[in-house]
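Chain by chain, the residues run as shown.
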Amino acid sequence: MRDMFRMIVVLSVLCGLSGFALSYLKMITAPRIEEQVLANVQGPAIKRVFPYAENDPIGERRRFEADGRAVMIFPVRSGGALVGVALEHSSKGYGGDVNIMVGFNLKDDTLAGIGATTLKETPGLGMRIAEPAFTGQFSGQKTPVQLSSGGGVIDGVSGATISSAGAVGAVNNAAAVYARLKKDILAAWAK
Amino acid sequence: MSVLKEFTKGLWKELPPFRLVLGLCPTLAVTNSASNGLGMGAAVIFVLVLSNMIISMVRHIIPAKVRIACFIVIAASLVVAVELLMQAYAYPLYERLGIFVPLIVVNCIILGRAEAFAAKNGVAASVADGLGMGLGFTMSLTFLGSIREVLGNGTWFGMAVMPESFEPLRIMVQAPGAFICLGLILAGMNMLNFRQARRRGEQAEALAQQQGCGSCGGCTACGAGARDAQAQ
């Protein structure tokens, strides 16, 4: 009986200590990790969507509120004027959330392009939604977009319907946020 | 003296991937370039040294029945710490190593050294053991990664080292290349030991026998079993 009690106490104390130490470490590394993810994942995705950006969209990002959820908006300037914005949104894929960076042209509200950021789809199959052959189809499209199987113009990756639908869903989610926030976005960067 | 011995045994005599043949999952999976091997090795050194240290410090408190669970909790906490630090300070490396960073938890070397060494020895000796084993592991991975990167990509730590006309053997940076390379290294190390033993005048056959079965000890058990069967 005493042995059992000791086992429980030792294991609980050990787990408690490790949980405490890790949550502390997570707290102090969180801002740096966010910065690293922005620089290494979202930065290149924005660059792919807006190759002509002349500013630093990461450095000029701003936080907005949409439906009680914080959204990060990345402004893109070219020739001194604000020409587009990029924002990231997600939707259910085959292996968890599919996160897509979606770029919008401010002039006519069409898609400037999309770039996959973090996703865990099946390698060689669902992961192909991150390739230009799929993502390239979105440039210039009006939102909301639809897969060709649903009467739209986007050809899904064959054999990866769920992943393709996830990407399309993420784009449409982003478009909804963009439509709601457009006025605020224009006002925020008007000055 | 003994601390030094604990340290150096991991560098050659008990070199983890090539001599103990432990920790093969990361050895085979992430060594497609020298820098990946080095990064993986550094993460393992960190976890191994600290887990050996902590385990040897608390070895008298931990009840024998739940020791494995305790070791895993300690190793897993350290691995998560490495994962967070790597994300914060070496993000590109974290992206390349991917799933193999969290998998350090189940790396045989960590639990193997905890159970076989740190749970029975003092703090200084355990740290030396962890450092030696970790360095040996890092050297092995970097060595294997270097061979594969040079042959499969014509570069070493990202620098071009082969002449222009060199046609990279793509298979070397893919999964089969890891097996081919590891097999050849193991064969080479066995040959080296064989030669050394013969030079010392020992019986080569005796050594070969010992190497194959020394760690197993199953032969005597089998022999006993056969005798029992005969008696019946």
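For the structure itself, consult the block above.
Residues numbered from 1 in each chain as written. Chains lettered and ligands numbered in written order. Predicted model: local features only at pLDDT ≥ 70, side-chain atom pairs only at ≥ 80, totals over all residues.

Take unusual backbone geometry next. Residues and elements named next belong to chain A. That bond from T143 to P144 is cis: its omega, -5°, falls within 30 degrees of zero. Here P144 lies in the loop between helix 2 (132-135) and helix 3 (161-188). For D109, which is not a glycine, the phi torsion comes out positive at approximately 60°. Judged by local crowding, D109 falls into the partly exposed class, with 13 C-beta atoms found within 10 Å. (Helix = DSSP H or I, 4+ residues; strand = E, 2+ residues; numbered from the N terminus. Buried ≥ 20, exposed ≤ 12 C-beta atoms within 10 Å, placed from the backbone.)

Moving on, we come to the interface of chain A and chain B. Chain A puts 17 residues into the contact, and the matching count from chain B is 17 residues. Classifying every residue of the side of chain A that touches chain B by side-chain character gives nine nonpolar, four polar and four charged. (Contact = placed C-beta atoms within 7 Å. Nonpolar A, V, L, I, M, F, W, Y, C, P; charged D, E, K, R; others polar.)

This next bit is on the sheet that holds strand 3 (residues 81-92) of chain A. All names here are of chain A. Read from one edge of the open sheet, five strands run 1-2-3-4-5, paired in antiparallel fashion. Since the sheet does not close on itself, it has two edges, and those belong to strand 1 (62-66) and strand 5 (111-116), each with one partner. Within this sheet the neighbouring strands show an average axis-to-axis angle of 30°, counted without direction. Here strand 1 runs beside strand 2 (residues 69-78); their pairing, made up of five bridges, is antiparallel. Bridge pairing links E65 to A70 in strand 2. Sitting on the sheet, helix 1 (residues 2-49) touches strand 2, strand 3, strand 4 (97-105) and strand 5, and the angle it makes with strand 5 is about 145°. The strands that helix 3 touches are strand 1, strand 2, strand 3, strand 4 and strand 5; relative to strand 3, the one it contacts most, it runs at about 140°. (Pairing = 2+ DSSP bridges. Axes fitted to C-alpha atoms, helices over the stretch in contact; angles between N-to-C directions.)

Read these as geometric descriptors, not functional statements.
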